[in-house]
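Each chain, letter by letter, is given below.
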Amino acid sequence: MAPTAKGGYGRCCVYGIEDLKGIEPDYPYIGSCAKPLFARWGQHYCDAHYTGATDIQKLLLTRPFDFPPKILLGPFACASQRDLNTLEQAYISKYRPRCNMRSAVTQDSGLSLCLLYTSPSPRDGLLSRMPS
């Protein structure tokens, strides 16, 4: 998603759409956004009403109250969309969500997850929240 006009990449998050009827934690979809999560969540729900809806959007229509969004990492400042996508991909690799249709990053992105894991300072609190 594009960053907000005022905030840029200053308040990013990686989120999961949780299946409350699944085995904990069950995230059928992992995403990231550089805007408030409630705005991104609303966009998912609105898009569900159009033809060509994705798998997660179809689930939202069938059981809207069983799939709440949950912040997995954030809010945090991110340098670029590519960095945000790389963090999202780390969570996709960890949880292997069934409704993500494609990878968050291309194979030739040239960005190393190791660099992102070691870039934040320990006082940021980000290192303790990275996927294991």
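Predicted model only: the values in this text are computed from it and were never measured.

Conventions used here
- Residues numbered from 1 in each chain as written.
- Predicted model: local features only at pLDDT ≥ 70, side-chain atom pairs only at ≥ 80, totals over all residues.
- Heavy atoms only, no water.
- Helix = DSSP H or I, 4+ residues; strand = E, 2+ residues; numbered from the N terminus.
- Buried < 20%, exposed > 50% of the residue type's maximum accessible area, 1.4 Å probe, protein only.
- Contact = heavy atoms within 4.5 Å.
- Areas by Shrake-Rupley, 256 points an atom, 1.4 Å probe, with all protein chains shown as cover.
- Phe/Tyr/Trp six-rings, centres within 6.5 Å; stacked < 30°, edge-to-face > 60°.

Turning our attention to the overall build of the chain. Secondary structure assignment for the chain yields four helices and three strands. Evaluated residue by residue, the chain yields a buried proportion of 42% over its 132 residues. Within the chain, contacts between residues separated by at least 24 positions form 65% of all contacts whose residues are at least 6 apart in sequence. When the accessible surface of the chain is split by element, carbon and sulfur atoms take 57% of a total near 7,700 Å².

Summed over all chains, the structure comprises three aromatic pairs. Taken together, a centroid distance of 6.3 Å and an interplanar angle of 45 degrees make the contact between Tyr15 and Tyr29 tilted. Here Tyr15, found in strand 1 (residues 12-17), pairs with Tyr29, found in strand 2 (residues 29-33); they are 14 residues apart in sequence, far enough to count as distant. Of the two residues, Tyr15 and Tyr29, neither departs from the other in class, the shared state being buried. Geometrically, the ring pair formed by Tyr91 and Tyr95 is stacked, given 6.4 Å between the ring centres and 15 degrees between the ring planes. In this pair, Tyr91 and Tyr95 both sit in helix 3 (residues 81-95), four residues apart, roughly one turn of the helix. Tyr91 gets classed as buried once you look at its relative accessible area, which sits at 3%. An aromatic cluster of three or more residues is present, and its members are Tyr27, Tyr91 and Tyr95.

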